[in-house]
Each structure stands twice: as C-alpha cells, then as structure tokens.
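Observations on chain architecture
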Amino acid sequence: MKLAKKSVLGVALSGLISLGAQAGNVEVLHYWTSGGEAKSAAVLKQLLEKEGHQWKDFAVAGGGGESAMTVLKSRAVSGNPPSAAQIKGLDIKEWADLGFLTQLDAVAESAGWDQLLPGVVSDVMKYDGHYVAVPVNVHRVNWLWANPEIFQSVGVDIPKTWGEFIEVADKIKDAGYVPLAHGGQAWQDATVFEAVVLGEGGAEFYHKAFVEHDQATLTSPKMVEILATFKKLRNYIDSDSAGRDWNIATSMVINGKAAMQIMGDWAKGEFTAAGKKPGTDYLCVAAPGTSNAFTFNIDSFAMFDVKGSGSKEAQADLARLIMEPQFQETFNLNKGSIPARLGMPRANFDSCAHTSMDDFVATSKSGGLVPSMAHGMSTTSAVQGAIYDVVTNYFNSDSLSAEQAADKLARAIKAAI
Ligand code: BGC
C-alpha cells in the first residue's frame, strides 16, 4: 500500500516512518529541451512528484542526444551516474553489458509489460532476457513536414518520390522560399540520409546497409545513386544552416519561411506547442518514397544502480509510471510520438499519430518496419558514429564524389564493427 502521497504530511511521514512507501530522489538525465520536448518531460516530472518523490532535472541540450551521452559517460566513469537516463536502442545493451543498469523485472512482471508491449519494443528494452529499460514512445523518423500555404502559393504538390522532391524544390526556391529547413549537425544530416536510403533503396536495402552492414550493398551502384540524390538536397537548404538546431528548422516551416523539413515526429511536438493543427496549418506525410516503410526510434529510460531504499523506490515508481496509460497518452500527445504501450485509446490523438499507429502495424507485417540508424536503433554507437562522419563530410564539402563516399562509408563501417 502506498501512502496518500499528495499531501505534504503524507510525504513528510513517509520519510520519517517506514510504512512501506518512501519518498526518494530521482536524478533524470535527458535531452528534451525544445518547447515541445520540455512540455513532454514536464508530464513525467509532475506524475513522479504526485507520488511524493523529487525529480532532479539533469537536462543536457543537444538534439539526438550526443552531448547528453558524453556527459552521461563522464558521470558514470567517475562513479556518479544519475539514477535514470534517457538511453535507447543498442546503447541500452552496451550499458547493461558494462554492469551499470538495474533490472526492472519486478515492476515489469507485476504490470505485465510483456503483454503490453510489441515484441519489437520489448526486445530493445531487455538485456539477457531481463528488462533494464522502459519505453516512453515510438517515434517515426521518416516524415516530411510541409507548410501547405507555400505549396499552394507556388502551385506544386507534395512530393511522393525523391525525384519529385527535387522538381518541386526547384520551383519553391525560384519563388523565394527555402525549400528544405535543415540544421547542419551530423545527426540531422544522417536523419535526411537514412530517409533517402529508405526512399530510393527500399526497406530491404536499408536493412542490408544499416543493420547487416553488407559491404556489397554499401558499395553498390544503388548506394552511389542514393548518395548523389542526397547531395543534391544541399541545393535546397539556406546558407545559415550550419549548427542550427532542429527545432529552429521546424520553426522555419511553422513561420512560412521554409516549405519542408525531413525530421522525426518530435517535430510535431513543436507544431503542437505552437498551437498548429495538422491538415490545415501543416501537413505530415511519409518522407518521399517511404509510405510503405517506417523507421522506428524508441525513446526509453534506463535505471542505474542507486543506494538507499527511498531512491530505489522512486526509481521503481518512475519505471511503473512510464508504462501507465496516463503517462503514455499525455506524454505522447505533447511529444509527437505514439504510445509504446499496446491497446491505448486513439481518440485524443491527431491524424499524424493515427497514420503512424496504422503504418507501424502495417509495416510490422509487411517487412517495412526498420530501425533508425540515425537514432541509435539499428547499430552500435561506434558504427553510427562512423556513418555520421562520412555522411556529414560528404554532404557538407565537395571533397568526395558519390562513388568515393560509398567506398568510404563501407570501409568506415567495416572498421567500426
Ligand atoms: C530522440 C527524440 C528527440 C530528438 C531530438 C531523438 O533522437 O529520440 O526524443 O526529441 O532526438 O533531440
């Protein structure tokens, strides 16, 4: 039985006498600092505080979480990790392998997580058959966000292939708009690159390149073609893009400066936070050529070993709360993603989320569901880093031809495996 933790007295008592529940501290490392993201993180903080625990915010800005992971490593190495950290994908197994993570089996069993999660999600959360992380959502990465007013005023249709994208982008550019809102950061370059790989290569090709790291695929004529298309997109980005954060790029679409952005549906969190409605104020469609595919990116929290029963209890409560329907709904309405938990009511979600929910199910049956390379789902952080380097160098300078880039990509991946 838990104390009525809402009351101040209850909280104080739970610290003084041991009646089962104990208030504790949870230091939570995350990288949700944009408008939509901060609103989403606040949902979890509020729910945890309602239970009488204290949330110590450890936010490290930087889209895609590279900076947060660097800070996390230095804290862990010095023997002082936070109690919970936003770790995802294959990184979860790496941290578990090093012996840093706490098992969450007790919470998972009592709430029946195995029955509540699709296998593709629970697999990522487990190490050696035990839950060591808890999922907050499923983000789809292969989206194109568009400003309908710009399309109307230029008189062009939303592109369905990368070929069409280039035709449309030329016209939008001639009309004086920025065709593609983009921030020049390695992870954003990689996010666009994987969308082109998926759109021009298809899900099987994508899988061979980014999951199996098949050398023949990486150096194939198809990959050279894809790299050439990818490079062309550089023509449609404005000259101030270097270092720009992704949410600033999204605001260019919101404000009518840019026509499109290729970005995961955390971008929708920005449209939502700005009070914009899908279908009228903005459009969400699958990135060109990818309507039959879904690049998934699952956010999750892993828990580190902490001392003290209060802290342990707070940690377990955090894990439990994350999987509860209230959190899964409210958080994801703000974040732009869809719940990780199965069987959630759809009514409060918008049309983009409905498309995502339907496509997640359909692609899991058709073979079109693939893990995001750019967001740590398809490969180790070492391989991902190697891909980032090649992709971003190729995209941002003219030192490599598409053939040379394909060759370099294949070699870099081979060396990092
Ligand atoms: C994370 C999202 C986050 C985005 C931008 C992605 O890798 O999964 O939760 O909003 O990066 O930081």
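Residues numbered from 1 in each chain as written. Predicted model: local features only at pLDDT ≥ 70, side-chain atom pairs only at ≥ 80, totals over all residues. Heavy atoms only, no water.

Considering the side chain of Ser122
Note the threshold: Secondary structure counts use DSSP, requiring at least four H or I residues in a row for a helix and at least two E residues in a row for a strand, with both numbered from the N terminus. Under the scheme applied here, a residue whose accessible area is under 20% of the maximum for its type counts as buried, over 50% as exposed, and between as partly exposed, the area being computed with a 1.4 Å probe on protein chains only. Any two residues having at least one pair of non-hydrogen atoms within 4.5 Å are treated as being in contact.
Along the polypeptide, Ser122 turns up in helix α7 (residues 119–125). Look at Ser122 and you get buried, because its relative accessible area is 7%. With near-sequence residues (within four places) excluded, Ser122 lies in contact with Leu117 and Tyr131.

Re the pattern of salt bridges
Operational definition: Salt bridges are defined as contacts in which a side-chain nitrogen from Lys or Arg sits within 4 Å of a carboxyl oxygen from Asp or Glu.
Overall, the coordinates contain 13 salt bridges when judged by the stated rule. Between Asp350 and Lys268 there is a salt bridge whose closest N-O contact spans 3.0 Å. Taken together, the residues span a long stretch of sequence, with Asp350 in the loop between α16 (325–335) and α17 (351–366) and Lys268 in helix α14 (residues 266–273) at a distance of 82 residues. Two residues, Asp407 and Arg411, come together in a salt bridge whose shortest N-O distance is 3.0 Å.

Quick notes on the sheet that holds strand β12 (residues 294–297)
Under the convention used in this document: Any two strands between which DSSP finds at least two bridges are classified as paired.
With mixed pairing, the three strands of this open sheet are ordered in space as β7-β12-β14. Among the strands making up the open sheet, the edge pair consists of β7 (139–140) and β14 (369–371). Across two bridges, β7 lies against β12 in antiparallel orientation. Looking across to β12, one finds that His139 is bridged to Asn297.

Re the pairing of strand β8 (residues 143–146)
The two faces of β8 match: Trp143 and Trp145 on one face and Leu144 and Ala146 on the other face are all buried. Sheet analysis places β8 next to strand β11 (residues 283–286), joined by four bridges and oriented antiparallel. Residue pairing across strands places Leu144 opposite Val285, the latter belonging to β11. Of the pairings in the sheet, the one linking β8 to strand β10 (residues 258–262) comprises three bridges and is antiparallel in character. Bridge pairing links Trp145 to Gln261 in β10.

Quick notes on α16
Those residues of α16 not exposed but buried are Phe327, Gln328, Glu329, Phe331, Asn332, Asn334 and Lys335. Those residues of α16 that are buried lie in contact with α2 (35–50), β6 (133–135), β7, α14 and α15 (309–323). Just past α16, the residue Gly336 takes up positive phi, approximately 95 degrees.

So, the confidence of the model for the protein chain
Detailed reading of the predicted model is not advised wherever pLDDT is low. Selection rule: Confidence per residue, as judged by the predictor, is encoded in pLDDT with a range of 0 to 100.
Overall, the prediction assigns the protein chain a mean pLDDT of 95, with 95% of residues at 70 or greater. With pLDDT under 50 throughout, residues 1–19 is counted as low confidence; its partners more than four residues away or in other chains account for 25 contacts.

Describing the site of the ligand
Counted only if it meets this: Residue proximity to a molecule or strand is established when one non-hydrogen atom of the residue lies within 4 Å of it. Here a polar contact is recorded for every N or O atom pair within 3.5 Å, except that within protein the pair must consist of a potential hydrogen donor and a potential acceptor, and residues adjacent in sequence are included only if both atoms are side-chain atoms. Charged means Asp, Glu, Lys or Arg here, nonpolar means Ala, Val, Leu, Ile, Met, Phe, Trp, Tyr, Cys or Pro, and polar covers whatever is left, Gly included. Marked domain ranges trace back to an automatic or database domain assignment.
Looking at the ligand, there are 14 residues lining it, with Glu37, Lys88, Asp299, Lys335 and His375 nearest. Contact between the ligand and Glu37: an oxygen atom at 2.4 Å from a side-chain N or O atom of the residue. Interatomic distance of 2.9 Å between a backbone N/O atom of Gly64 and an oxygen atom of the ligand. A class-by-class count of the residues in the shell around the ligand yields four nonpolar, six polar and four charged. When residues of the shell around the ligand are assigned to domains, at least three fall in each of domain 1 (8–139 + 297–359) and domain 2 (140–295 + 372–416).

A few points about a negative patch on the surface
Basically, it comes down to this: Candidates for patches are residues over 30% relative accessible area with no salt bridge; among them, like charges are joined within 9 Å and nonpolar side chains (Val, Leu, Ile, Met, Phe, Trp, Tyr) within 5 Å. Only the protein chains shown count as cover for residues, and the accessible areas themselves come from Shrake-Rupley with a 1.4 Å probe. His is not counted, nor are the chain ends, whereas Lys and Arg count as positive and Asp and Glu as negative. The atom standing in for a charge is NZ when the residue is Lys, CZ when it is Arg, CG when it is Asp and CD when it is Glu.
Negative charge collects at one region of the surface, where Asp157, Glu164, Glu167, Asp170 and Asp174 lie side by side. Of note, Asp157 is situated in the loop between α8 (148–154) and α9 (162–174). According to the relative accessible area criterion, Asp157 is exposed, its value standing at 65%.

Brief notes about the sheet that holds β6
The criterion, for reference: Note on method: axes are straight lines fitted to C-alpha atoms, helices fitted across the in-contact stretch only, with angles between N-to-C directions ranging 0 to 180 degrees.
Pairing is mixed across the open sheet formed by five strands, whose spatial order is β2-β1-β3-β13-β6. Looking at which strands have only one partner, the edges of the open sheet turn out to be β2 (54–59) and β6. Neighbour-to-neighbour, the strand axes of the sheet open up by a mean angle of 25 degrees, direction not taken into account. Of the strand pairs in this sheet, strand β1 (residues 25–30) and strand β3 (residues 84–86) are connected by two bridges, and their pairing is parallel. Considered in β3, the bridge of Val28 is made with Ala84.

Looking at unusual backbone geometry
The backbone phi angle of Asp128 is positive, close to 55 degrees, even though this residue is not glycine. With respect to the secondary-structure elements, Asp128 resides in the loop between β4 (126–127) and β5 (130–131). For His213, which is not glycine, the phi dihedral falls at a positive 55 degrees. Note on placement: His213 falls in the loop between α10 (186–210) and α11 (215–218).

Concerning the packing of aromatic side chains
Worth spelling out the cut-off: Ring pairs are drawn from Phe, Tyr and Trp, using the six-membered ring of Trp, whenever the two centres fall within 6.5 Å, and their geometry is named by plane angle: stacked under 30 degrees, edge-to-face over 60, tilted for the rest. Charge-over-ring placement is defined geometrically: NZ (Lys) or CZ (Arg) within 6 Å of the ring centre, and within 35 degrees of the ring normal.
Throughout the structure, instances matching the rule amount to 19 aromatic pairs. Between Trp95 and Phe100 the ring centres are 5.3 Å apart and the planes differ by 70 degrees, which places this aromatic pair in the edge-to-face class. Note on Trp95: relative accessible area 7%, which makes it buried. According to the relative accessible area criterion, Phe100 is partly exposed, its value standing at 24%. Here Phe193 and Phe210 contribute two aromatic rings whose centre-to-centre distance is 6.1 Å and whose plane-to-plane angle is 70 degrees, an arrangement assigned as edge-to-face. Judged on exposure class, the residue Phe193 and its partner Phe210 are both buried. Here a set of aromatic residues connected by ring pairs shows up, and it is made of Phe193, Tyr206, Phe210, Phe230, Tyr394 and Phe395. Positioned above the aromatic ring of Trp143, the side-chain terminus of Arg140 is 5.1 Å from the ring centre. Sitting over the ring of Phe395, Arg234 keeps its end group 5.2 Å from the ring centre.

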